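Given next are the chains, with one letter for each unit.
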Amino acid sequence: MVRRWIWVFYWFSWTSLVWAQPAGFAREGDQQLPWDSFLDRCQEARVLYLGEEHTGKIDHELQHAVVEGLARRGRKLVVIAEMFQWPQRQVLVDYVERRLDDEGLKTQSEWAQRWGHPWDLYLPIWQACQRYSLPILPLRNSSESGKQLGTLGAEAWSPDEREELAAEPYEFGPGAEQLRSLFAAHGGKVSEASFQRFLKVQVLWEEFMAAQIRKGLKADSDQVVVLVGKGHLSHGHGLPWRVQRGWDEALEQKVVLVNPNDEEKPRASLEWLSPGNPSTTD
């Protein structure tokens, strides 16, 4: 009997950790939402984008809580993650099917070399995917092909990488000038040709990402959940526009952002407002 109660105690402790919500609250427009209503809104989307600051603690806690919450509702999810690249797709299958443990996923996905942001922030998300057998797909092309995009364009990708790509021409969309100062901050004074090449590569990256999301839409699932840096959702045309452009039917897509600024708010379907979002780089 004692052992049974110890087991029950640990089970409830584990489930409470699983269901721990990040600090803050959800909002849709001017309306504050309780957690269950927030999940209801998330569940309505065929494609749900959980935008992030890569080192933001609350961002990843929210991603974990949403994936966990939807999975526990019985939703068949496909999780598509910017943190992984095209060459690692079989590694992700092996992890979800439990042929790899957590350390194996970190090592074989070449996390440190291909992503580099703190592993511990993301690990609970991957563990939830494994626990509920949720497929994880890579969102990014390889670093190797990425180095050739500026000169070769879409030809830098192999034929199978080009599957589901929308037809050219591609364009960045409105607000490209907003990125000029960001680009200059990374590289100092830059030429117009360099800036245009940067925009070209950015667009190609995002068209590749959009193609991966469309592949996820063709999987046997209720919903595609995309984990991606919020810049890909709030600048230019953004991923939702690019995904829809290459899809024949109207898609219900929602964007969730943590503490969006004035420029980002118009792109956010749902907001998560937190009193703070400590960065691991602080």
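No experiment lies behind these values; they were computed from the predicted model shown.

> Describe the overall build of the protein, listing the residues and the values that go with them.
On a plain count of helices and strands, the protein comes out with 13 helices and eight strands. Taking the intrachain contacts of the protein between residues at least 6 apart in sequence as the baseline, contacts between residues at least 24 apart amount to 75%. Summed over its atoms, the accessible surface of the protein is roughly 13,800 Å², and 52% of this surface lies on carbon and sulfur atoms.

> Account for unusual backbone geometry, with residues named and values stated.
Here the residue pair Glu168 and Pro169 is connected by a cis peptide bond, since its omega of 10° sits within 30 degrees of zero. In the Ramachandran plot, Glu110 falls in the positive-phi region, its phi being about 55° despite a non-glycine side chain. Take Glu110: it is sitting in the loop between α5 (102-108) and α6 (111-114). Positive phi is not limited to glycine here, since Ser133 has a value of about 55°. Here Ser133 shows up in the loop between α7 (119-131) and β5 (136-140).

> Any chance you could break down the packing of aromatic side chains for me, citing the residues and the numbers?
One pass over the full model with this rule turns up 13 aromatic pairs. Seen in terms of ring centroids, Phe38 and Trp272 are 5.6 Å apart; in terms of plane orientation they differ by 55°. Their pairing is tilted. In this pair, Phe38 is assigned in helix α2 (residues 35-43) and Trp272 in strand β8 (residues 270-273), connecting sequence segments 234 residues apart. Neither residue differs from the other here; Phe38 and Trp272 are each classed as buried. Judged by centre distance (5.2 Å) and plane angle (65°), the rings of Trp111 and Tyr122 are edge-to-face. With Trp111 in helix α6 and Tyr122 in helix α7, this pair connects stretches of sequence that are 11 residues apart. Given the relative accessible area of 3%, Trp111 is considered buried. An aromatic cluster of at least three residues, connected via ring pairs, comprises Phe84, Trp111, Trp115, Trp119, Tyr122 and Trp126. For the cation-ring pair, Arg89 lies above Trp86, with the distance from its terminal atom to the ring centre recorded as 4.0 Å.

> I'd like a rundown of the nonpolar core, residues and numbers included.
If you look at the biggest cluster of nonpolar residues, it comprises 44 residues, and the most contacted ones within it are Phe38, Val66 and Trp126. When residues no more than four places from it in sequence are discounted, the contact partners of Phe38 are Ala26, Leu33, Leu62, Val66, Val256, Leu270 and Trp272. By size, the runner-up hydrophobic cluster in this structure holds 19 residues, among which are Tyr49, Val226, Val228 and Val255.

> Go over the sheet that holds strand β2 (residues 31-33), please, and point to the residues and values.
Taking strand neighbours across the sheet as the criterion, the eight strands line up as β2-β1-β8-β7-β3-β6-β4-β5 in an open arrangement whose pairing is mixed. Strands at the two margins of the open sheet, each flanked by one partner only, are β2 and β5. Averaged over neighbouring strand pairs, the angle between their axes works out to 30° when direction is ignored. Packed on one face of the sheet, helix α3 (residues 57-72) meets β3 (47-52), β4 (77-85), β6 (223-229), β7 (253-258) and β8 and runs near 155° to β3. Helix-sheet contacts for helix α11 (residues 192-217) involve β3, β4, β5 and β6, and the interaxial angle to β5 is about 160°.

> A description of the environment of Asn259 should follow, citing residues and the corresponding values.
Position of Asn259 relative to the elements: it lies in the loop between β7 and β8. The sequence separation of Asn259 and Gly24 amounts to 235 residues, and the corresponding C-alpha distance is 9.7 Å. At 2.8 Å, the side chain of Asn259 and the backbone nitrogen of Ser274 are in polar contact.

> Tell me about α3, residues and numbers included.
A rise of 1.5 Å per residue sets the reference length of α3, with its 16 residues, at 22 Å; its end C-alpha atoms lie 23 Å apart and thus fit the reference within 8%. Along α3, 13 of the 16 residues are buried, which leaves the element largely enclosed by surrounding structure.

> Explain the pairing of β4 residue by residue, including any values.
Across the nine residues that make up β4, a large majority, nine, are buried. Direction of pairing for β4 relative to β6: parallel, over a ladder of five bridges. When the bridges of β6 are listed, Val79 appears paired with Val225. Sheet topology places β4 next to β5; four bridges connect them, and they run parallel. Its bridge partner being in β5, Gln85 is matched across the sheet by Arg140.

> I'd love a proper account of the confidence of the model for the protein, names of residues and values included.
Looking at the protein as a whole, its pLDDT mean stands at 88, while 88% of the residues score no less than 70. Every residue in residues 5-18 is under pLDDT 50, and counting partners more than four places away or in other chains gives seven contacts.

Calculation rules
Residues numbered from 1 in each chain as written. Predicted model: local features only at pLDDT ≥ 70, side-chain atom pairs only at ≥ 80, totals over all residues. Heavy atoms only, no water. Helix = DSSP H or I, 4+ residues; strand = E, 2+ residues; numbered from the N terminus. Contact = heavy atoms within 4.5 Å. Areas by Shrake-Rupley, 256 points an atom, 1.4 Å probe, with all protein chains shown as cover. Phe/Tyr/Trp six-rings, centres within 6.5 Å; stacked < 30°, edge-to-face > 60°. Buried < 20%, exposed > 50% of the residue type's maximum accessible area, 1.4 Å probe, protein only. Lys NZ or Arg CZ within 6 Å of the ring centre and 35° of its normal. Core = buried A, V, L, I, M, F, W, Y, C linked by side-chain atoms within 4.5 Å. Pairing = 2+ DSSP bridges. Axes fitted to C-alpha atoms, helices over the stretch in contact; angles between N-to-C directions. Polar contact = N/O pair within 3.5 Å; in protein donor to acceptor, adjacent residues only side chain to side chain. Expected span 1.5 Å × (residues − 1). pLDDT = per-residue confidence, 0-100.

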